[in-house]
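# What the coordinates show
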Amino acid sequence: DGGITQSPKYLFRKEGQNVTLSCEQNLNHDAMYWYRQDPGQGLRLIYYSQIVNDFQKGDIAEGYSVSREKKESFPLTVTSAQKNPTAFYLCASTSPSYEQYFGPGTRLTVT
Amino acid sequence: AQSVTQLDSQVPVFEEAPVELRCNYSSSVSVYLFWYVQYPNQGLQLLLKYLSGSTLVKGINGFEAEFNKSQTSFHLRKPSVHISDTAEYFCAVSFPKLVFGQGTRLTINP
């Protein structure tokens, strides 16, 4: 089955630590996205990549970093500079018909 | 500025009643329109999309939506809801960058 996988589903970290969230897709899509979801705030775009080795900042990129070394993979690092990292993180990719496919999400809790 | 507004943050309805979830957007150019559903602690799943053609779009789970260009709206409807429709629903507009509304939480009461 084609789709997007995110791991782990739940992640716990201490404040001050960097953490990397995994996102893998086997849909052969060029474009991939990272969103952050907080209660009552919908989805906010963190970073996106339209092609391998290229990525762009979204609306809330501060405190986050990404890489896109392979078409299938788009990992997100939440750095210690992110002031409020506890959230639900969603990875997505876009088909040629503009439909976004989402992964199951990773819930990050930083204490 | 390009924006998407979901007019209701929460919509409670009784089972088997009809429901309409409202979505308006700001744009003077052609756009693509989407509705997604999110069940608790899961990713988003596409319900339906409008790219071109007929303004009435049918999706999965008995949902449909109507694109109204003059009112820049894309309201989602279902004639008879079930308990299993309890979820959060997101309207999204491709400007072409995809912009999401704030979401509408649909709760179904027995």
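Residues numbered from 1 in each chain as written. Chains lettered and ligands numbered in written order. Predicted model: local features only at pLDDT ≥ 70, side-chain atom pairs only at ≥ 80, totals over all residues. Heavy atoms only, no water.

### Quick word on the state of the cysteines
Counted by the stated rule, this structure contains 2 disulfides over all chains. Here A:Cys23 pairs with A:Cys91 through a disulfide, and the sulfurs are 1.8 Å apart. Handedness here is read from the sign of the S-S torsion; for A:Cys23 and A:Cys91, about -70°, the answer is left-handed. Of the two residues, A:Cys23 is situated in strand β3 (residues 19-25) and A:Cys91 in strand β9 (residues 87-94); the sequence distance between them amounts to 68 residues. Since its relative accessible area comes to 0%, A:Cys23 is described here as buried. Through a disulfide, B:Cys23 is tied to B:Cys91; the S-S separation comes to 2.0 Å. With the S-S bond torsion at -65°, the cross-link from B:Cys23 to B:Cys91 turns out left-handed. Taken together, the residues span a long stretch of sequence, with B:Cys23 in strand β4 (residues 23-26) and B:Cys91 in strand β10 (residues 87-94) at a distance of 68 residues. Of the two residues examined, B:Cys23 and B:Cys91, each falls in the buried class. (Disulfide = S-S within 2.5 Å. Helix = DSSP H or I, 4+ residues; strand = E, 2+ residues; numbered from the N terminus. Buried < 20%, exposed > 50% of the residue type's maximum accessible area, 1.4 Å probe, protein only.)

### Re the sheet that holds β3(A)
All names here are of chain A. The 4 strands lie next to each other as β1-β3-β8-β7, forming an open sheet whose pairing is antiparallel. The two strands at the open ends of the sheet, each matched to only one other strand, are β1 (4-7) and β7 (64-66). Ignoring strand direction, the axes of neighbouring strands in this sheet form an average angle of 20°. When β3 meets strand β8 (residues 76-78), the two strands line up antiparallel, connected through 3 bridges. Its bridge partner lying in β8, Leu21 is registered against Leu76. (Pairing = 2+ DSSP bridges. Axes fitted to C-alpha atoms, helices over the stretch in contact; angles between N-to-C directions.)

### Things to note about the nonpolar core
With 28 residues, the main nonpolar core has B:Trp35, B:Leu48, B:Leu76 and B:Tyr89 as its most contacted residues. No other element matches the 4 residues that β10(B) contributes to this core. Residues in contact with B:Leu76, not counting those within four places in the same chain, are B:Val19, B:Glu20, B:Leu21, B:Trp35, B:Leu47, B:Leu48, B:Phe63, B:Glu64, B:Ala65 and B:Tyr89. Listed in part, the 20 residues of the second largest apolar core include A:Leu11, A:Leu21, A:Phe74 and A:Ala87. (Core = buried A, V, L, I, M, F, W, Y, C linked by side-chain atoms within 4.5 Å. Contact = heavy atoms within 4.5 Å.)

### Here's the deal with the interface of chain A and chain B
Counting from both sides, the interface comprises 20 residues of chain A and, opposite them, 17 residues of chain B. At the boundary of chain A with chain B, total buried surface from both sides reaches about 1,500 Å², with 54% on carbon and sulfur atoms. Linking chain A with chain B are 2 salt bridges. For B:Lys97, the salt bridge identified is with A:Asp59, shortest N-O distance 3.4 Å. Seen at the junction of chain A and chain B, the total is 6 residue pairs in polar contact (both at pLDDT 80 or more). (Buried area = accessible area lost by both parts, 1.4 Å probe. Salt bridge = Lys/Arg side-chain N within 4 Å of Asp/Glu carboxyl O. Polar contact = N/O pair within 3.5 Å; in protein donor to acceptor, adjacent residues only side chain to side chain.)

### Describing the pattern of salt bridges
Close approach of charged atoms lets side chains of opposite charge pair. Applying the stated rule across the entire model yields 11 salt bridges over all chains. Among the ionic pairs, A:Lys71 bridges to A:Asp30, the shortest N-O distance being 3.4 Å. Residue A:Lys71 is found in the loop between β7 and β8, and its partner A:Asp30 is found in the loop between β3 and β4 (31-37); the two are separated by 41 residues along the sequence. Under the relative-accessibility criterion, A:Lys71 is labelled partly exposed at 23%. According to the relative accessible area criterion, A:Asp30 is partly exposed, its value standing at 43%. A salt bridge links B:Arg105 to B:Glu88, with the nearest nitrogen and oxygen atoms 3.0 Å apart. Of this pair, B:Arg105 sits in strand β12 (residues 104-109) while B:Glu88 is found in strand β10, placing the two residues 17 residues apart along the sequence.

### Comments concerning the packing of aromatic side chains
Counted according to the given criterion, the structure contains 13 aromatic pairs over all chains. The interplanar angle of 45° and the centroid separation of 5.4 Å between the aromatic rings of B:Phe63 and B:Tyr89 together place this pair among those described as tilted. With B:Phe63 in the loop between β7 (56-58) and β8 (64-68) and B:Tyr89 in strand β10, this residue pair connects regions lying 26 residues apart in the sequence. Here B:Phe63 matches B:Tyr89 in class, with each residue buried. Here the guanidinium or amino end of A:Arg68 rests over the ring plane of A:Phe74, the centre of that ring lying 5.9 Å away. (Phe/Tyr/Trp six-rings, centres within 6.5 Å; stacked < 30°, edge-to-face > 60°. Lys NZ or Arg CZ within 6 Å of the ring centre and 35° of its normal.)

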